[in-house]
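Residue-level structure breakdown
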Amino acid sequence: MAIREILTVPDPRLKQVSKPVETVDDALRALMDDMLETMYAAPGIGLAAIQVGEPVRVIVMDLAREDEAPAPRYFVNPEVTWAADETLPYEEGCLSVPEVYDEVERPARVKLRYLDYHGHQIEEEAEGLFAVCFQHEMDHLEGVLFIDHLSRLKRDRAVAKVKKDRLTRRSKAA
Ligand code: K2U
Ligand code: ZN
């Protein structure tokens, strides 16, 4: 397993639409293992493959609380098959837009269909943080970031902050 670099805005690769996976094989499982290790190290609770530069339709997640045993989840070729009319706001963040948080409104419940770590098809319903995180990651597969749901002014300010913080870190490291 390896910890990979997480792409951050304004990296244009984050805007790519990711391609479906053809075979759930050992190579894909190795990528999912790397994604999970990278997510835990960030730390985060979700990660899409494009965030480590791999434009394939794969998401990993672990919603377990700090006082619980890890509960890694793997989603290959994930789809939302139904979304509730009811929407709820949630203060989101993103490992590709570090230290920026803002409220995004999303459907309160969604039904999912995906292939698991071994290529078996699963269908289930999500609500709460699971629904929020899943939809946030599904956006990544379409090249969409949570800041794209904000006003142009807030989006531009978010990108400027990430670029400024990156320059500050690099100047301190020099
Ligand atoms: O895509 C990512 O960067 C992963 C996010 C997942 C996430 C985004 C919004 C809401 C929930 C989860 C990272 O884990 S960001 C860290 C985080 C953790 C909990 C709540 C909000 C943000
Ligand atoms: Zn994100």
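Heads up: these notes are all about the structure in this document.

Criteria and thresholds
- Residues numbered from 1 in each chain as written.
- Chains lettered and ligands numbered in written order.
- Predicted model: local features only at pLDDT ≥ 70, side-chain atom pairs only at ≥ 80, totals over all residues.
- Heavy atoms only, no water.
- Helix = DSSP H or I, 4+ residues; strand = E, 2+ residues; numbered from the N terminus.
- Rg over C-alpha atoms; globule rule 2.2 N^0.38 Å.
- Buried < 20%, exposed > 50% of the residue type's maximum accessible area, 1.4 Å probe, protein only.
- Contact = heavy atoms within 4.5 Å.
- Areas by Shrake-Rupley, 256 points an atom, 1.4 Å probe, with all protein chains shown as cover.
- Core = buried A, V, L, I, M, F, W, Y, C linked by side-chain atoms within 4.5 Å.
- Polar contact = N/O pair within 3.5 Å; in protein donor to acceptor, adjacent residues only side chain to side chain.
- Donors = N, O, S within 2.8 Å, 3.2 Å for Na, K, Ca; no water.
- Near = heavy atom within 4 Å.
- Nonpolar A, V, L, I, M, F, W, Y, C, P; charged D, E, K, R; others polar.

Turning to the overall build of the chain, a few remarks are in order. The secondary structure content of the chain amounts to three helices and seven strands. Reading the chain from its N end, one meets helices and strands in the order α-β-β-β-β-β-β-β-α-α. Relative to the compact-globule value of 16 Å for 174 residues, the chain shows a C-alpha radius of gyration of 16 Å, a close match. Counting only C-alpha atoms and orienting by the principal axes, one finds that the chain spans roughly 45 × 40 × 35 Å. Buried positions account for 42% of the 174 residues belonging to the chain. Summarising the internal contacts of the chain: among those between residues at least 6 apart in sequence, 64% fall at separations of at least 24. For the chain, the exposed area adds up to about 9,700 Å²; of that, 52% sits on carbon and sulfur atoms.

Our focus in this paragraph is the nonpolar core. If you look at the biggest cluster of nonpolar residues, it comprises 17 residues, and the most contacted ones within it are Leu28, Met32, Met35, Leu47, Val58 and Val60. Element by element, the count of residues in this core is highest for helix α1 (residues 26–41), at six residues. Discounting chain neighbours no more than four positions away, the residues touching Val58 are Val21, Leu28, Met32, Met35, Leu47, Ala48, Ala49, Phe75 and Leu141. Among the nonpolar cores identified, the runner-up in size contains 15 residues, and Phe75, Cys133, Phe134 and Leu141 belong to it.

Before going further, it helps to examine the side chain of Gln51. Among the secondary structure elements, Gln51 is positioned in the loop between β1 (46–48) and β2 (58–62). Within the structure, the side chain of Gln51 is placed 3.0 Å from the side chain of Ser96, a separation counted as a polar contact. Ignoring any residue separated from it by four or fewer positions in sequence, one finds Gln51 in contact with Glu5, Ile6, Leu7, Leu14, Cys94, Leu95, Ser96, Glu137 and His140.

Next up on the list: the coordination of the zinc ion (ligand 2). Within the protein, the zinc ion (ligand 2) binds to Cys94 (SG), His136 (NE2) and His140 (NE2); these donor distances fall in the range 2.1 to 2.2 Å. Each donor residue of the zinc ion (ligand 2) belongs to the same chain, and together they define the spacing C-x41-H-x3-H. In this pair, His136 and His140 are both assigned in helix α2 (residues 128–141), four residues apart and thus about one turn of the helix distant. For the pair shown, His136 and His140 are each scored as buried.

All right, on to the site of ligand 1 then. Close to ligand 1 lie 15 residues, the nearest being Ile45, Gly46, Leu95, His136 and Glu137. Taking His136, its side chain carries an N or O atom lying 3.0 Å from an oxygen atom of ligand 1. In the complex, 87% of the free accessible area of ligand 1, which totals 470 Å², lies under the protein chains. Residue assignment for the shell around ligand 1 shows that the elements contributing at least two residues are β4 (87–92) and α2. Sort the elements by how many residues they give to the shell around ligand 1 and α2 lands first, with six residues. A class-by-class count of the residues in the shell around ligand 1 yields seven nonpolar, six polar and two charged.

Quick look at the environment of Pro55 now. In this fold, Pro55 is placed in the loop between β1 and β2. Accessibility expressed as a relative area gives 24% for Pro55, which makes it partly exposed. Pro55 sits 27 residues away from Trp82 along the chain, and the two C-alpha atoms are 24 Å apart. Apart from the residues within four sequence positions on either side, Pro55 is in contact with Gln16, Ser18, Lys19 and Ile50.

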